[in-house]
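# Reading the structure
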Amino acid sequence: MSARELHLVGRLGGRGVLFPATQVRRVVDIADIVPVPHAAPAVRGLAALRSRVVTVIDSWRVLDLPSPPPGRHRAVTTAVDGHVYAVLVDDLEDAEPVEVVPLPPGTALGESWAAIATGSAVRDGEPLLAIDLARLIARVG
Amino acid sequence: MDELLQEFIAETRESLEAIAGEVVAWEADPADRARLDAIFRFVHTVKGSCGFLDLPRVGRLAHAAEDALAAVRAGERVPDPALVNAVLAIVDRIGAIVAAIDAGAALEALGEEALIAALDPAYQGEKGIVPAQPATIQRGQSRSIRLSVDLLDRMMNGVSEMVLVRNELAHRLAESGDQAFEGALDRLSHTVAELQDAVTRTRMQTVDALFSALPRVVRDTAAELGKQVTLTIDGGDVELDREMIELLRDPLVHMVRNALDHGIETPAERRAAGKRDIGRLAVSAHQSGNRIIVEIADDGRGVDTERLVAGIVSRDPMRDAELRALSPQQRLELMFEAGVSSRDIATATSGRGVGMDVVRTNVEQIGGSIALLNRPGQGLTVSIEVPLTLAILSAVVVEGGGQTFALPRQAVHEIVATAAGATRIDRIGDGRIVTIRDRRLPLIALDEVLGLPVRDPALLAVLEVPGGSYALGVDTVIDTEEVVVKPASPAVMRAGVYAGMTLPDSGHPMLLLDAAGLAEVSGLRFSRIDRVEEEAPPAAVEEAGIEALLFEDIDGRRRAIPLAAISRIEPLPAASVHQAAGQHWLSSGGAPIRLVSAVALRAPADGWSALRLPEELGGAAYPVREPIDIVRLPTDIAPAAAPLAGVALIEGEAIELIDPLALGAMPAAPRLCLLHGAEAGWMEIFLKPAIEAAGYRVVRQLAPGEMAEVALAMDGEEEAGVETGRLLRLGRTPADPLYRYDRAAVVAALEEAA
């Protein structure tokens, strides 16, 4: 766990988060979303990226946070079992190598965050939570 | 068989190339066990294939070499140079014969006995001399090559992707209003369509690939169980997507084993039940539209549903009351419940492999369905129905709750406008029932099921699902479209109402609805049994002589028709028969089918069946009150006038025998109705069933030389190039002379035009 690995630094629900670069395919802006009625609330819908259809995940819903209104949102795409998902975020800043370490003992993340976190790293004095995208998608329900 | 032979040639050639090195190495060191094993495997495989393909010459050579090598492997023989030479000579000769078969040339069997004799340790011929090299045969022009399946899959994916890019391009161009690239885009569309078709065909394989393993499975399983079974295989030439074949392989073998293990009784039990010692198992495939139906029918004891229920209750006593309340068909469905082992279904022998629930899940995952027809004491028929291919689907695009969705064309039986007055909607409990032409169907509204803003449905799509039909209320029908279906992510599939997704020309992703899923989510429950076709009695093959089907004709007399003249037997619902142009027609989804009979036809009563004659005999249907039995015709048949082939004495009764050729020769093909213009797709959905019921065959394009009796076109549409006796124009508003939603008026106009 001591090696510095490339991560994308972003914000989700006002918190600083990290996505491992190995899990992220692209960073995209998503505006047109076709809803998927009757699916879980965290499934925001489908979107076309070039000729590919992706499932758009409402990350805020996964984390029991209030969702921002519809509109253009930034997302990272990731593939799980051959299906591509776009995971919406507040914002993405840049990519940089960081060292992810286990969370300080006793840190209470809350159930939803704890289920998707793999550790944390500190950048410019701010602690960032490292998120596993596959686990986030598995929580969609 | 040709295909199998080609495969054998290709395989043998590849193996020969692969073992060429082994041969040389073995020659250098006859004690090398690994080389010996490789060559042994080769001759062993060749021998096996030869028995199957009926190539006795190659088979004899391979067999002799196998025996000699087996002796070496068992340590009974030392591999001396004479033996090595003799084996290598045989391997060479096998190569030469295979090349000759491929080239279609004859190769003289010269010296093959000597080659075999040379394997004998006591062989006294010229030791140490390699027998003459085989004559050089010109290598046949190979008409087939072997490709890895991965490569085909990549091609298919590439083409699917290309279709999507083409769609996007078309969309962008249409938006920009730029006409400059229209010609190029058309050419691209055309090429892509052809490519798509070609690639789809590369993925097709005959069902034989699936069926060829069955004789062995049946033989082995029957021997193991001490049962005697005759297997009949039919329809092996039906083509199916390769992927489908792979996905069907396990379910099919499972079903066949089940039939033998639990269905067909031991000879003693059969005798006691008044049956023949030898059980019958009939496996068949036939195509119906773009679906393939594979049937596994046995004449065993059927399923004892009482025992099935008792088995479940013994494990889960809480369910006793619930299960007791089920109908026999619902009880049969319990076979598909998770955790129900085949031990519950029959008796002694242990259930093996996967359960029926897994089989059903696997079949449903590929868009198929599975249905059971149980005749206690007489056998079980399992029908597995699957689509031809996975990737490309003809879809009806509908709108509900402000969003567009695709419905598989296959599931849409017809579309009816609620405003046309031909329908009536009633509330019943919390549900709704719609009456369409005396047919009552449960009604659900798409927007309501999906939790979207609700409006009164303007159109009803009558959907067929395994076990029944229901009406789905939608706001509008937009058009029909060929779509490339992509699997949706698990997060989407968990909604339970989608079968996949697609990206149409609009550039907006569209969800493909799952008709069965919508019914399920809405609480509609259908028994899967109701719709099952009556099983065609399995034909026996073990005895010589003509077999015929004895049936009760519509005039109450018993008659017989040669079994070979019947492609299948299906139920004949009274509502599906219509009279037009002095004939009776059966409409069952596709083109109308003419009814023929040896006696005067009349409207059918409920419970009748139709004997479907094969295409060569005109594909007509012969209505009967009831199929009775399969009988063997005596050799003495007294002559009679057409359409009778004669009169035969069967079980002491004089039975009239129908001459199928005389029936097929009866007059008249259905009249032709052409749907013309840009709205032909719309007409096909809305009007086709009604037009067909009026006795027409409906096409969107005429074959060369064909002329339509009537053509339908929208008002104001070009009529250039329409070869027709009469053109009917449909209006877009109720004020027009012939409003397009006024189905009754359209049908009346058609009758008049005839």
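Structure shown above.
First things first, this report covers the structure right here in the doc. Quantities reported herein were computed from a predicted structural model and do not represent experimental measurements. (Residues numbered from 1 in each chain as written. Chains lettered and ligands numbered in written order. Predicted model: local features only at pLDDT ≥ 70, side-chain atom pairs only at ≥ 80, totals over all residues. Heavy atoms only, no water.)

## Overview of the pairing of strand E5 (residues 291-298) of chain B
Residue and element names in this part refer to chain B.
- Within E5, eight of the eight residues are buried, which leaves the element mostly enclosed by the surrounding structure.
- Neither face of E5 is open: one carries Arg291, Ile293, Glu295 and Ala297, the other Ile292, Val294, Ile296 and Asp298, and all of them are buried.
- Sheet topology places strand E4 (residues 279-288) next to E5; eight bridges connect them, and they run antiparallel. Directly across from Val283, in E5, lies its bridge partner Ile296.
- Across seven bridges, E5 lies against strand E7 (residues 379-387) in antiparallel orientation. Within the sheet, the bridge partner assigned to Ile296 lies in E7 and is Val382. (Buried < 20%, exposed > 50% of the residue type's maximum accessible area, 1.4 Å probe, protein only. Helix = DSSP H or I, 4+ residues; strand = E, 2+ residues; numbered from the N terminus. Pairing = 2+ DSSP bridges.)

## Section: the nonpolar core
- Judged by nonpolar contacts, the single largest core of 100 residues is most densely connected at Phe19(A), Tyr470(B), Tyr498(B) and Leu518(B).
- For this core, the element with the most residues is helix H21 (residues 680-693) of chain B, which contributes seven residues.
- Here this core spans two domains, and each of domain 4 (392-521) and domain 6 (671-753) of chain B adds at least three residues to it.
- Leaving out residues up to four positions away in the same chain, Phe19(A) has contacts with His7(A), Leu8(A), Val24(A), Val76(A), Val89(A), Leu92(A), Ile131(A) and Leu133(A). (Core = buried A, V, L, I, M, F, W, Y, C linked by side-chain atoms within 4.5 Å. Domains from an automatic or database assignment. Contact = heavy atoms within 4.5 Å.)

## With respect to the pairing of strand E9 (residues 117-123) of chain A
- With five of seven residues buried, E9(A) lies mostly within the body of the structure.
- Counting the residues in the hairpin turn of E9(A) and strand E10 (residues 126-131) of chain A gives two residues, including Asp124(A), whose phi is positive at 50°.

## Overview of the pattern of salt bridges
Residue and element names in this part refer to chain B.
- Counted by the stated rule, this structure contains 34 salt bridges over all chains.
- One salt bridge in this structure joins Arg455 and Asp475, with 3.3 Å as the shortest N-O distance. Here the residue Arg455 occupies a position in the loop between helix H17 (446-450) and strand E14 (459-465), and Asp475 occupies one in the loop between strand E15 (468-474) and strand E16 (476-484), the gap between them amounting to 20 residues.
- For Arg455, a relative accessible area of 53% corresponds to the exposed category.
- Using a relative accessible area of 7% as the deciding quantity, one classes Asp475 as buried.
- Overlapping salt bridges bring together Asp553, Asp555, Arg557, Arg559 and Glu656 as one network. (Salt bridge = Lys/Arg side-chain N within 4 Å of Asp/Glu carboxyl O.)

## Observations regarding the sheet that holds E5(B)
Residues and elements named next belong to chain B.
- In space, the five strands of this open sheet follow the order E2-E4-E5-E7-E6, with mixed pairing throughout. The open sheet has two free edges, formed respectively by strand E2 (229-234) and strand E6 (369-375), since each of these has just one partner strand. Geometrically, the sheet is characterised by an average inter-axis angle of 15° between neighbouring strands, direction not taken into account.
- By the bridge criterion, seven bridges tie E6 to E7 in an arrangement that is antiparallel. Paired with Asn374 across the bridge in E7 is Leu380.
- Each of E2 and E4 touches helix H9 (residues 214-225); the most contacted strand, E2, lies at about 165° to it. (Axes fitted to C-alpha atoms, helices over the stretch in contact; angles between N-to-C directions.)

## Here's the deal with the sheet that holds E15(B)
All names here are of chain B.
- Pairing is mixed across the open sheet formed by six strands, whose spatial order is E10-E14-E15-E13-E12-E11. Only two strands of the sheet have a single neighbouring strand rather than two, namely strand E10 (412-417) and strand E11 (423-428). Taking the axes of each pair of neighbouring strands and ignoring which way they run, one obtains an average angle of 35° across the sheet.
- Two elements, E11 and strand E12 (residues 431-436), share six bridges in a ladder whose sense is antiparallel. Its bridge partner being in E12, Arg427 is matched across the sheet by Arg432.
- Where H21 meets the sheet, its contacts fall on E10 and E14, and the angle it forms with E10 comes to roughly 95°.

So, to be careful, I would describe these as geometric facts and stop short of saying anything about function.
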